[in-house]
Amino acid sequence: MTSSLINQTFDVVVVGGGPMGLSTAYECAKAGKKVLVLEMSVFFNQSGSTGDLVRMFRTAYTEDFMATLAYQSMALWNDLEVQAGEPLRLMTGLLNFGDPNYGAGGPEGTLTGPIPNLKRYGLEYTQLTRDEIEAHFPFQNLPDEWIGIDMPDNGVINVSLLVRTLYRLCEKLGVTLLQYADVKHIHPDERDPTLWRVQGLLGSDKGPSAVPRAFNFSARKIAITCGAFVNHVLYPSFGFSLNLEIWEMVFEYYAIDPTIAFPKMWFQFAEDTPLATPSSNLFYGFPSVPWGPPNLARIAVDTATRIIADPSQRSHSEIAVQDLERTRESGADPIPVFAGQCLQTNVYDNMFVLDYVPERLLPGAGPRREKSIAVFTAGWGMKFVPLIGKAMKELLVDGGTTEYDISQFKMDRGEGQIIRPGP
């Protein structure tokens, strides 16, 4: 890092170099802004929510506003793939199946709840009986009353290709990309009321054993997109944190018979098994994909036994045995080929946080600094990557408004259930 870089002022500094941060940087750079991305770890790391090979792209949402965002994201994904020069998704379709009476309040809505929204946007779907599910898919011995909803406008996101593509597009637009850049503090520039100072330590690409050097950048606007690590920036800088529940999500890969049709992504809806500690029967899975190991299918339970408040508490190599056992109960081969985990960041209502840092919590706040720092954190967000990047750009660059309805994602919603004083 040269002294000339240290002394530069950036229009937008993005804290966090995962898919959300890179998408934000890409959109801001497309708008002609000078952009810097600071990634605490290496780019393309597996330490947060981006671990593993696949994620869902889906349009099936019970909530009207989420269904609208999913529909709006379809065109943005198409445009991003044009810019990439290759597909970033495998459009396998999605089979949701299970108990048609599965109740509301779960993390994924209900089985039949998305149907009105699919109709509203003219998205194709086919309703299947139990017998039709068993005839066309490898699921067997399902309860008689179960039904399925087959939706073709859904697919599997190639996670590794997505993040590398966004990185490449950022490079092409002149975005400055720094890894091992650990942001320690954000504070007002004492000499210029329009600027913030972003301070931290920059390690060497040779590894964490190298002695880091201090950095101190100037920024007109800041996007904080570091997922589960968001409080590592918010509390030292602004004296508050977000009340997070971080799920250590477990997934497993199972060998499948290549002669058995396993063509698409799927999600099972069923009530919990009523034990002393209720056992979730929400499972989801992916087909074998061309960029992954052949004849292996990824299956996971849609909950987590181990819930933490900060990434420093994660168990790393120890995977929750209960979640492994629940996944085996989904009916797969009883022996997984390999297993892993990633961090999913939640707040009380399982929705996103996408908002400005409230003016009352900004040090040195004033009319020239209000609406200058935006935050995104959440789980379940990979399917919205290009939309979130564009919304963040609109908030920071285009006068503080966005064409997307993000009113459900306010930081101070829920009467104080998200923002809390202290670490």
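Residues numbered from 1 in each chain as written. Predicted model: local features only at pLDDT ≥ 70, side-chain atom pairs only at ≥ 80, totals over all residues. Heavy atoms only, no water.

## Concerning the overall build of the protein
- Counting its secondary structure elements, the protein contains 9 helices and 22 strands.
- At 22 Å, the protein has a C-alpha radius of gyration in line with the 22 Å of a compact globule built from 423 residues.
- Taken over the C-alpha atoms alone, the protein extends approximately 70 × 50 × 45 Å along its principal axes.
- Within the span of the protein, comprising 423 residues, buried residues form 57% of the whole. (Helix = DSSP H or I, 4+ residues; strand = E, 2+ residues; numbered from the N terminus. Rg over C-alpha atoms; globule rule 2.2 N^0.38 Å. Buried < 20%, exposed > 50% of the residue type's maximum accessible area, 1.4 Å probe, protein only.)

## Looking at the pattern of salt bridges
- Applying the stated criterion across every chain yields a total of 15 salt bridges.
- The shortest N-O distance in the salt bridge between D182 and K184 comes to 2.9 Å.
- The network of salt bridges with shared partners includes R130, D131 and D144. (Salt bridge = Lys/Arg side-chain N within 4 Å of Asp/Glu carboxyl O.)

## Remarks on the nonpolar core
- M66, L162, L354, I388 and F409 are the most contacted members of the largest nonpolar core, which totals 81 residues.
- For this core, the leading source of residues is helix 3 (residues 64-84), giving 10 residues.
- Formed jointly, this core draws a minimum of three residues from each of two domains, domain 1 (2-50 + 160-239 + 350-421) and domain 2 (94-152 + 245-346).
- In this structure, I224, F240, I308 and V357 belong to the second largest nonpolar core, which totals 40 residues. (Core = buried A, V, L, I, M, F, W, Y, C linked by side-chain atoms within 4.5 Å. Domains from an automatic or database assignment.)

## Considering the packing of aromatic side chains
- Tallied over the entire structure, the rule returns 25 aromatic pairs.
- With centroids separated by 6.4 Å and ring planes inclined at 25°, the aromatic side chains of F238 and F240 adopt a geometry described as stacked.
- For F238, a relative accessible area of 8% gives the class buried.
- Taking 4.6 Å as the distance between ring centres and 25° as the angle between the ring planes, the aromatic pair formed by Y253 and F338 counts as stacked. (Phe/Tyr/Trp six-rings, centres within 6.5 Å; stacked < 30°, edge-to-face > 60°.)

## Side note on the domain arrangement of the protein
- For the protein, the assigned domains read domain 1 (2-50 + 160-239 + 350-421) and domain 2 (94-152 + 245-346).
- Here domain 1 and domain 2 have C-alpha centroids that lie 32 Å from each other.
- Taken together, the contacts link 12 residues of domain 1 with 14 residues of domain 2.
- In this assembly, domain 1 packs against domain 2 so that about 1,100 Å² is buried in total across both faces, 50% of it on carbon and sulfur atoms. (Contact = heavy atoms within 4.5 Å. Buried area = accessible area lost by both parts, 1.4 Å probe.)

## Overview of the packing of helix 2 (residues 19-30) against helix 9 (residues 385-397)
- Running from amino to carboxyl end, helix 2 crosses helix 9 at an angle of 50°, the nearest separation of the two axes being 8 Å. Taken as axis vectors, helix 2 and helix 9 run oblique relative to one another. The element helix 2 and its partner helix 9 pack so that their crossing is right-handed. Across the interface between the two elements, P19, M20, S23, T24, E27 and C28 from helix 2 touch V385, P386, I388, G389, K390, M392, K393 and V397 from helix 9. (Axes fitted to C-alpha atoms, helices over the stretch in contact; angles between N-to-C directions. Parallel < 35°, antiparallel > 145°, perpendicular 65-115°, else oblique. Left-handed = near helix turned anticlockwise from the far one by under 90°.)

## Some words on the sheet that holds strand 4 (residues 89-90)
- One open sheet accounts for 3 strands, arranged 3-8-4; its pairing is antiparallel. Both outer strands of the open sheet, strand 3 (54-57) and strand 4, are each paired with one neighbouring strand and no more.
- Note that strand 4 and strand 8 (residues 155-158) share 2 bridges and pair antiparallel. Its bridge partner being in strand 8, R89 is matched across the sheet by I157.
- Those strands touched by helix 6 (residues 159-172) are strand 3 and strand 8, and its axis lies near 50° from that of strand 8. (Pairing = 2+ DSSP bridges.)

## A look at the pairing of strand 17 (residues 296-301)
- Counting buried residues in strand 17 gives 6 out of 6 residues, a clear majority hidden from the surface.
- Alternating positions in strand 17 separate into two faces, L296, R298 and A300 on one and A297, I299 and V301 on the other, with burial throughout.
- Both strand 14 (residues 245-255) and strand 17 contribute to a ladder of 5 bridges, which runs antiparallel. The residue of strand 17 that forms the bridge with A255 is L296.
- Judged from the 4 bridges that link them, strand 16 (residues 283-286) and strand 17 form a sheet pairing that is antiparallel.

## Topic: the packing of helix 3 against helix 9
- Two elements in contact, helix 3 and helix 9, have axes separated by 7 Å at closest approach and are oriented at 95°. For the element pair helix 3 / helix 9, the angle class is roughly perpendicular. For the pair helix 3 and helix 9, contact is made by L69, Q72, S73, L76, W77 and L80 and by V385, P386, L387 and K390, respectively.
- Per-class residue counts for the contact of helix 3 with helix 9 are 7 nonpolar, 2 polar and 1 charged. (Nonpolar A, V, L, I, M, F, W, Y, C, P; charged D, E, K, R; others polar.)

## Some thoughts on the pairing of strand 11 (residues 196-202)
- With 5 of its 7 residues buried, strand 11 lies for the most part within the structure.
- As defined by bridge partners, strand 10 (residues 181-188) adjoins strand 11 across 7 bridges and the pair is classed as antiparallel. Residue pairing in the sheet places V183 in a bridge with G200 of strand 11.
- Note that strand 11 and strand 12 (residues 213-224) share 7 bridges and pair antiparallel.

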